[in-house]
Protein chains: 2
Amino acid sequence: MKRSGFKKKGAKGERDLVHLFWEAGWAASRVAGSGSVRLPSPDIIAGNGARKIGIEAKVVGGLRKYFPKKEISELKEYCCRFGAEPWIAIKFDNLGWRFISLEDLEETKEGFVVSIKLAKDKGLLFEEFVQVV
Amino acid sequence: MKRSGFKKKGAKGERDLVHLFWEAGWAASRVAGSGSVRLPSPDIIAGNGARKIGIEAKVVGGLRKYFPKKEISELKEYCCRFGAEPWIAIKFDNLGWRFISLEDLEETKEGFVVSIKLAKDKGLLFEEFVQVV
């Protein structure tokens, strides 16, 4: 698949996830870029009154997904300033969305990685995620 | 000015406002559309840990800005679900941003209006707005 195809798949994945949150009674939005002067921003922001969540959302074709250190530190910074929980939402082929806590990411030399095994073992299903208090 | 010119001016205004929030220690983002199935969404979402805000942000060339009833009711719904305060941020020519509470909007037959006089009389300056508890 071409790079632009991946990008489209990612945007569609984000939109699908936003709709799941609305169906579960939350408000959620995709976040737009901040223009020429880049500021940290998650892919999605969601809230249900009690909880507020900043999400990096990834649709993954292979068996693992790498995250540069900067991506995770910017997610943390954003959520810390905003007052939101930072989460990774990841969708491997033939597997529904899994929500991974930052503490569960595996560290690598240059950042972090989520394998399909980690997603299955430690990730929360969407239905579990929206019920966590 | 052509329609597309207004749109660009609006997007630039939103980006400027997002940067003001970051400089004041908040996190803030422009919100992207939700695709073909339209969901309510504010123009900007911002938070500082204690407060979370959903904002309709408008850069206005004339002396007043009209808001359709639906735009305001969707802002309310979004903020109510999310757990955020709903605000209007409006920037008239030769006037800085003013933050207007929904209760201060003037009602019309088809929605609401903010005149430059109302913005001056009742609107909060950005510096005031980020200090409100």
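Structure: see above.
Residues numbered from 1 in each chain as written. Chains lettered and ligands numbered in written order. Predicted model: local features only at pLDDT ≥ 70, side-chain atom pairs only at ≥ 80, totals over all residues. Heavy atoms only, no water.

*Asks:* In this structure, what is going on with the overall build of chain A? I would like to understand it.
*Replies:* Looking only at helices and strands, chain A features four helices and nine strands. In chain A, the succession of α and β elements from N to C terminus is α-β-β-β-β-α-β-β-β-β-α-β-α. Looking at chain A residue by residue over its 133 residues, the buried ones come to 50%. Put simply, of all contacts in chain A between residues at least 6 apart along the chain, 57% involve residues at least 24 apart. Carbon and sulfur atoms form 52% of the exposed surface of chain A, whose accessible area is close to 6,900 Å². (Helix = DSSP H or I, 4+ residues; strand = E, 2+ residues; numbered from the N terminus. Buried < 20%, exposed > 50% of the residue type's maximum accessible area, 1.4 Å probe, protein only. Contact = heavy atoms within 4.5 Å. Areas by Shrake-Rupley, 256 points an atom, 1.4 Å probe, with all protein chains shown as cover.)

*Asks:* Help me understand helix α2 (residues 69-82) of chain A, please; the structure alone is not making it clear to me.
*Replies:* Because an α-helix packs 3.6 residues into every turn, residues spaced three or four apart end up facing the same way. Residue and element names in this part refer to chain A. Taking 1.5 Å per residue, 14 residues should reach 20 Å; α2 reaches 20 Å between its end C-alpha atoms and fits that length. Of the positions making up α2, those classed as buried are Glu71, Ile72, Glu74, Leu75, Tyr78, Cys79 and Phe82. Projected down its long axis, α2 carries its buried residues within an arc of 165°, all on one side. Exposed and oriented more than 90 degrees from the buried face of α2 are Lys70 and Cys80. Count one or two residues on from α2 and you reach glycine 83, which has phi positive near 95°. (Expected span 1.5 Å × (residues − 1). Arc of directions from axis to C-beta.)

*Asks:* Sorry, what's going on with the relation of the copies chain B and chain A here?
*Replies:* Relative to chain A, chain B is turned by 180° and slid 0.0 Å along the rotation axis, the superposed coordinates differing by an RMSD of 0.0 Å. With respect to symmetry, the two chain copies, as superposed, fit the operation of a two-fold axis. The residues that chain B uses at the interface reappear at the interface of chain A in 100% of cases, marking a shared surface. (Least-squares fit on C-alpha atoms with pLDDT ≥ 70 in both.)

*Asks:* Looking at this model, I keep getting lost on unusual backbone geometry. Mind explaining?
*Replies:* A negative phi angle is the norm for most residues apart from glycine, just as the trans form is the norm for most peptide bonds. A positive phi angle, close to 65°, is found at A:Asn94, a residue other than glycine. By the element assignment, A:Asn94 lies in the loop between β5 (85-92) and β6 (98-101).

*Asks:* Just to check I follow, could you spell out the sheet that holds strand β5 (residues 85-92) of chain B for this structure?
*Replies:* Within a sheet, each strand pairs with its neighbour through backbone hydrogen bonds, oriented either parallel or antiparallel. Residue and element names in this part refer to chain B. Strand order in this open sheet of six strands is β1-β2-β3-β5-β6-β9, and the pairing throughout is mixed. One side of each edge strand has no neighbouring strand; the edge strands of this open sheet are β1 (27-30) and β9 (124-125). Looking at chain direction, strand β6 (residues 98-101) and β9 are connected through two bridges and run antiparallel. What sits directly across from arginine 98, in β9, is leucine 125. Contacting β2 (44-47), β3 (52-60) and β5, helix α2 (residues 69-82) crosses the sheet at an angle of about 155° to β3. (Pairing = 2+ DSSP bridges. Axes fitted to C-alpha atoms, helices over the stretch in contact; angles between N-to-C directions.)

*Asks:* Please clarify how the pattern of salt bridges should be interpreted in this entry.
*Replies:* Here the idea is simple: oppositely charged side chains can pair when their charged atoms come close. Residues and elements named next belong to chain A. The final tally for this structure, using the stated rule, is 20 salt bridges over all chains. For glutamate 77, the salt bridge is made with arginine 81, and the minimal N-O distance between the two is 3.4 Å. Of the two residues, glutamate 77 and arginine 81 both sit in helix α2, four residues apart, roughly one turn of that helix. For arginine 81, a relative accessible area of 24% gives the class partly exposed. (Salt bridge = Lys/Arg side-chain N within 4 Å of Asp/Glu carboxyl O.)

In short, geometric facts, not functional conclusions.
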